[in-house]
Amino acid sequence: MPIKHPYTIGLICARGGSKGVHRKNLRLLAGKPLIGWAIEVARKCPSLDRVVVSTEDAEIAEVAKSFGAEVPFVRPQELAEDNSPELAVWQHALRTLATEERGLPEVMVNIPTTSPLRAVQDVEGCVAELLEHNADLCLTVREAQRNPYFNMVKMDDGWASIVITPTTPTFRRQDAPAVYDITTVAYALRSEYVLRANRLLEGRVRALVVPEERALDIDSELDMAFGEFLKSRQKDE
């Protein structure tokens, strides 16, 4: 039986400040600002009824509108600091949207600007996974490059020991339990869960594995350079 399409928004959170890359959300990658890449993919997703940007920054708001996103409110400055919890930013957006005539969206899909290589199928797959399994949250993950059962250590006064001791001797990474990195490709959540949660992963959580080449998370100038390289490869394919 087909799943009824719930009222779903794409939420892109883009503050003016950034530690690793100055004015990161407006930085050009392959000739387009990072926020522009996020909005373009979001607007192509059939599951999303609206694409909303949360920002406190007037320039970001104007750029977001130029790419076709809505900016129906201004984010409070106290939710735009380096230490502002992302969950609180989501909660503010949903509470604000709930006052509109259409009311609270049933599903919120967070689409961070820092994964400009994502595909529509990644976002759509995340939403489908959430709905099909009646989860509170579906996040996107990729295979981790390091494994705490095999090649990650904790340090104590210069002495190193494996982070998690495996129950049986493990001589190859492939023999260790599989672990995954959470990516910033997409997060699909039930809005009521966002509003009641104290921590992101406390509910019923599903995960969708995305290819490594679409899971880049830009947090530094090196990431920007790597992103340029990967975008140029996409053009050549």
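Residues numbered from 1 in each chain as written. Predicted model: local features only at pLDDT ≥ 70, side-chain atom pairs only at ≥ 80, totals over all residues. Heavy atoms only, no water.

S.K.: Is there a simple way to think about the packing of aromatic side chains in this case?
M.R.: The geometry of an aromatic ring pair is captured by two quantities: the separation of the ring centres and the angle between the planes. Tallying each qualifying case throughout the model produces two aromatic pairs. With centroids separated by 5.9 Å and ring planes inclined at 55°, the aromatic side chains of Trp90 and Tyr187 adopt a geometry described as tilted. Of this pair, Trp90 sits in helix 3 (residues 86-97) while Tyr187 is found in strand 9 (residues 180-190), placing the two residues 97 residues apart along the sequence. Take Trp90 and Tyr187: they sit in the same class, and that class is buried. Centroid distance Phe226 to Phe229: 6.1 Å. Interplanar angle 15°. Geometry classified as stacked. Of this pair, Phe226 and Phe229 are both found in helix 6 (residues 221-236), three residues apart, which corresponds to roughly one turn of the helix. Judged by relative accessible area, which is 42%, Phe226 ranks as partly exposed. Taking the ring centre of Trp37 as reference, the NZ or CZ of Lys32 above it sits at 4.0 Å. (Phe/Tyr/Trp six-rings, centres within 6.5 Å; stacked < 30°, edge-to-face > 60°. Helix = DSSP H or I, 4+ residues; strand = E, 2+ residues; numbered from the N terminus. Buried < 20%, exposed > 50% of the residue type's maximum accessible area, 1.4 Å probe, protein only. Lys NZ or Arg CZ within 6 Å of the ring centre and 35° of its normal.)

S.K.: Looking at this structure, I do not really get the side chain of Thr170. What am I missing?
M.R.: Residue position: Thr170 is located in the loop between strand 8 (159-162) and strand 9. On the accessibility criterion, Thr170 (18% relative accessible area) is buried. When sequence neighbours within four positions are dropped, the list of residues in contact with Thr170 reads Phe150, Asp175 and Ala176. (Contact = heavy atoms within 4.5 Å.)

S.K.: How do you make sense of the sheet that holds strand 4 (residues 50-54) when you look at a structure like this?
M.R.: Adjacent strands of a sheet pair through backbone hydrogen bonds, lying either parallel or antiparallel. In space, the six strands of this open sheet follow the order 4-1-5-9-6-10, with mixed pairing throughout. Looking along the sheet, the strands with just one partner apiece sit at the ends: strand 4 and strand 10 (205-209). Across the sheet, the mean angle from the axis of one strand to that of its neighbour is 30°, orientation sign disregarded. The pairing of strand 6 (residues 137-143) with strand 9 spans six bridges and is antiparallel. The residue of strand 9 that forms the bridge with Arg142 is Asp181. Its contacts with the sheet place helix 1 (residues 34-43) against strand 1 (8-13) and strand 4, and it is angled at close to 155° to strand 4. (Pairing = 2+ DSSP bridges. Axes fitted to C-alpha atoms, helices over the stretch in contact; angles between N-to-C directions.)

S.K.: What is the right way to read the side chain of Asp122 from this model?
M.R.: One can find Asp122 in helix 4 (residues 120-132). A distance of 2.7 Å separates the side chain of Asp122 from the side chain of Arg214, its partner in a polar contact. Excluding its chain neighbours within four sequence positions, the residues that come into contact with Asp122 are Val185, Leu208, Val210, Pro211 and Arg214. (Polar contact = N/O pair within 3.5 Å; in protein donor to acceptor, adjacent residues only side chain to side chain.)

S.K.: What should I look at first to understand the state of the cysteines in this one?
M.R.: As used here, a disulfide is simply a covalent bond connecting the sulfur atoms of two cysteines. Evaluated as defined, the whole model comprises zero disulfides. Free cysteine Cys45: the closest other cysteine sulfur is in Cys126, separated by 10 Å. The closest cysteine sulfur to the non-disulfide-bonded Cys126 is located on Cys138, 3.7 Å from its own sulfur. (Disulfide = S-S within 2.5 Å.)

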